[in-house]
Amino acid sequence: VAIGKGAQTINFGAQGNQTFSPGGTFAINPVATASSGLAVVYSSQTGSVCTVSGTTVSMVGAGTCTIAADQAGDSNWNAAGQATQNVTIGKGTQTITFPAQGNQTFSPGGTFAINPTATASSNLVAGYSSLTTGVCTVSGTTVSIVSAGTCTIAADQAGDANWNVASQATQNVTIGKGAQAITFGVQPGQTYAAGGMFTINPQATASSNLAVVYSSQTASVCTVSGSTVTMVAAGVCTIAADQSGDANWNAATQLTQNITI
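Quick look at the structure, then. (Residues numbered from 1 in each chain as written. Predicted model: local features only at pLDDT ≥ 70, side-chain atom pairs only at ≥ 80, totals over all residues. Heavy atoms only, no water.)

**Examining the packing of aromatic side chains**
Aromatic rings in a pair are described by how distant their centres are and how their planes are angled relative to each other.
Then, number 1: This structure, assessed with the given rule, holds five aromatic pairs.
Then, number 2: A centroid spacing of 5.3 Å and a plane angle of 85 degrees characterise the contact between Phe106 and Trp249, whose relative ring orientation is edge-to-face. Within this pair, whereas Phe106 is found in the loop between β11 (104-105) and β12 (111-113), its partner Trp249 is found in the loop between β25 (236-242) and β26 (255-260), the two being separated by 143 residues in sequence.
Then, number 3: Classification of Phe106 as buried rests on a relative accessible area of 8%. (Phe/Tyr/Trp six-rings, centres within 6.5 Å; stacked < 30°, edge-to-face > 60°. Helix = DSSP H or I, 4+ residues; strand = E, 2+ residues; numbered from the N terminus. Buried < 20%, exposed > 50% of the residue type's maximum accessible area, 1.4 Å probe, protein only.)

**Things to note about unusual backbone geometry**
Then, number 1: Residue Pro116 is reached from Asn115 by a cis peptide bond, and omega for that bond is 0 degrees.
Then, number 2: Tracing the backbone shows Pro116 in the loop between β12 and β13 (119-120).
Then, number 3: The omega torsion across Asn201 and Pro202 is 10 degrees, close enough to zero to call that bond cis.
Then, number 4: Structurally, Pro202 can be placed in the loop between β20 (197-199) and β21 (205-206).
Then, number 5: The phi dihedral of Asn123 falls on the positive side, at around 75 degrees, and the residue is not glycine.
Then, number 6: Take Asn123: it is sitting in the loop between β13 and β14 (127-130).
Then, number 7: A positive phi angle is found at Asn209, which is not glycine, with a value near 70 degrees.

**Brief notes about the sheet that holds strand β7 (residues 56-59)**
Then, number 1: Reading across the sheet, the three strands line up as β3-β7-β6 and stay open at both edges, with antiparallel pairing between neighbours. Among the strands making up the open sheet, the edge pair consists of β3 (25-27) and β6 (50-53). Along the sheet, successive strands turn relative to each other by an average axial angle of 25 degrees, direction set aside.
Then, number 2: Relative to β7, β3 runs antiparallel, the two being bridged by three bridges. Note on β7: the bridge partner recorded for Thr25 is Ser58. (Pairing = 2+ DSSP bridges. Axes fitted to C-alpha atoms, helices over the stretch in contact; angles between N-to-C directions.)

**Quick word on the pairing of strand β8 (residues 63-70)**
Then, number 1: Pairing analysis gives four bridges linking strand β5 (residues 41-44) to β8, with the strands arranged antiparallel. Pairing of Tyr42 across the sheet is with Ala69, part of β8.
Then, number 2: One ladder, built from seven bridges, connects β8 with strand β9 (residues 83-90); its direction is antiparallel. In the strand pairing of β9, Ala69 is matched with Ala83.

**So, the sheet that holds strand β17 (residues 149-156)**
Then, number 1: Spatially, four strands are ordered β11-β18-β17-β14 in an open sheet, and the strand pairing comes out mixed. Two strands close off the open sheet at either side, each with one partner strand: β11 and β14.
Then, number 2: As paired elements, β14 and β17 share four bridges and run antiparallel to each other. Counterpart to Ser130 in the pairing with β17 is Ile153.

**Structural notes on the nonpolar core**
Then, number 1: In this structure, Phe12, Tyr42, Cys65, Ile67 and Ile89 are the most contacted members of the largest nonpolar core, which totals 22 residues.
Then, number 2: Where this core is concerned, the elements lending two or more residues are β7, β8 and β9.
Then, number 3: Contact partners of Ile67, with chain neighbours within four places excluded, come to Phe12, Ile28, Tyr42, Ser43, Val52, Val57, Ala83, Thr84, Gln85 and Val87.
Then, number 4: Core analysis: the second largest hydrophobic core is formed by 21 residues, Val143, Ile145, Val173 and Ile175 among them. (Core = buried A, V, L, I, M, F, W, Y, C linked by side-chain atoms within 4.5 Å. Contact = heavy atoms within 4.5 Å.)

**A word on the environment of Gln168**
Then, number 1: Within the secondary structure layout, Gln168 lies in the loop between β17 and β18 (169-176).
Then, number 2: A relative accessible area of 43% means that Gln168 is categorised as partly exposed.
Then, number 3: When near neighbours in sequence (up to four residues on either side) are disregarded, Gln168 contacts Leu131, Ala154, Ala155 and Asp156.
Then, number 4: Within the local environment of Gln168, its side chain forms a polar contact with the side chain of Asp156, the two groups lying 3.0 Å apart. (Polar contact = N/O pair within 3.5 Å; in protein donor to acceptor, adjacent residues only side chain to side chain.)

This is how it looks when you write it as structure tokens:
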């Protein structure tokens, strides 16, 4: 009587889904069993997504990981039909760390570097943008100053095949008003004439390029309208040059020049 090898089958239950993490692993659970009682061997059919060693699965990327269960048989049992299970490895969740940035001072055409830079837990590179383009613009990691105010910089990471989009992180940079100075050159002496007038020359200039305003500090000797000085009497005429600033510039320190009439 010829006693042939027995037929065996593999029972391989559904596996739980996983979330991608670099170097992440998970155990095959539940394990497959053969009706013969012989040990089952596992392998991956999707090497770009996962690999298998023993009952441990290593993640390579997000996607569908197909695990095969085999039993090759022995002297009493024929090889079992292969059984497979698909495990969905979902994209990983990444976060952005964006440290506080130093404050800046307004200067026309001024720039500064984002420092420290933002980092993503995925190690993917973060991209930057300005949420306040009236105050600042961003190109790469360089911020260009547009005006004084609060510059809000956003850090984003769009994800890839393995990572979901990260939640946006922001940092506010205070761009303070710039300091301006007035240059006011020495004025020549004048000779009194009733109702006489002369023009302030050289003119005062502000480093901000904002217009300078003149006034007389000796109204009994001279008065000022615009850049024209009207003589009131002989004596020392003291003219003040002021620039009060604006949204981008602090007021300048007042400068004066004495003119002997």
